[in-house]
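Architecture at a glance
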Amino acid sequence: MRLDVITIFPEYLEPLNVSLVGKARSRGVLDVRVHDLREWTHDRHHTVDDTPYGGGPGMVMKPEPWGEALDTVIDSGSPGERPVVIVPTPSGRPFTQELAIHLAARPWLVFTPARYEGIDRRVVEEYARDHEVLEVSIGDYVLAGGEAPVLVMTEAVARLLPGVLGNAESHRDDSFAPGGMAGLLEGPVYTKPPEWRGHGIPEVLLSGHHGRIARWRRDQALRRTARHRPDLIAGRDPAEFDAHDLRV
Ligand code: ADE
């Protein structure tokens, strides 16, 4: 997968060199290219923002540098190859595991993290004419810019790429995964030692009884989901729950 990021803070993306994403890059699974938006400015001050039409506080990112940057990046691909353009913004659609799965199946993503009050709207309109352009929010809070959301989305997508996680099954049971725990939050996990500071571990996990362990894990997942994310249970088909689930 190829991934381009256009930003005025290229150094903010340095974490893409470490850990899981860094390893995916060195294995050749991910080709990450970070570009400095100011390379596509032509004035002495490398201006990327201006005051908003209609007034109001803050500054808006000018369309011209983004247009030149996106044209250059898009034209560097093979003829006819079109990336998905992802615009991080608190006013976008929510970033979910489902969207991460959709993006992991695409060969090329271009991220346009903005600062200030965002990018002049015409940039989205322009590229949406012949690209899939997704405005995406990573949560209901406002950050100072889209770079941290790019790190979040990149990690969520990269770990789904074949050959990135050691154990291909380890995202089957992820919280929110469509298979496995079927959209429930994951319950607690334990490792050795069997006793730590007076805390033991649930007996069932020592039983070696796979059926009972699976049932216990599902119960824990149901309890945790009911407590932290009741919305995830309320939106489900009641037929998905068995009699035992309903007692939990
Ligand atoms: N930029 C600022 N806040 C953001 C958020 N919550 N998600 C995506 N991009 C953002």
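As the structure is a prediction and not an experimental result, all values here were calculated from the model.

Chain-level pLDDT for the chain is 94 on average; 95% of the residues reach the 70-or-more range. As scored by the predictor, the complex reaches a pTM of 0.93 and an ipTM of 0.99.

Quick look at the pairing of strand 6 (residues 108–111) now. Sheet topology places strand 1 (residues 2–7) next to strand 6; 4 bridges connect them, and they run parallel. Its bridge partner being in strand 6, leucine 3 is matched across the sheet by leucine 109. Sheet analysis places strand 5 (residues 84–94) next to strand 6, joined by 3 bridges and oriented parallel. Across the sheet, the residue bridging to isoleucine 86 is phenylalanine 111, located in strand 6.

Let us look at the sheet that holds strand 6. Strands sit in the order 2-1-6-5-7 across an open sheet of 5 strands; the sheet is parallel. The outermost strands of the open sheet, each flanked by one partner alone, are strand 2 (31–36) and strand 7 (132–137). Geometrically, the sheet is characterised by an average inter-axis angle of 30° between neighbouring strands, direction not taken into account.

Take the site of the ligand next. Neighbouring the ligand are the residues Pro88, Thr89, Pro90, Ser137, Ile138, Gly139, Tyr141, Val142, Leu143, Gly146 and Pro149. A per-element tally of the shell around the ligand places strand 5 first, with 3 residues. Taken together, the residues of the shell around the ligand sort by class into 7 nonpolar, 4 polar and no charged.

Calculation rules
- Residues numbered from 1 in each chain as written.
- Predicted model: local features only at pLDDT ≥ 70, side-chain atom pairs only at ≥ 80, totals over all residues.
- pLDDT = per-residue confidence, 0-100.
- Pairing = 2+ DSSP bridges.
- Helix = DSSP H or I, 4+ residues; strand = E, 2+ residues; numbered from the N terminus.
- Axes fitted to C-alpha atoms, helices over the stretch in contact; angles between N-to-C directions.
- Near = placed C-beta within 6 Å.
- Nonpolar A, V, L, I, M, F, W, Y, C, P; charged D, E, K, R; others polar.

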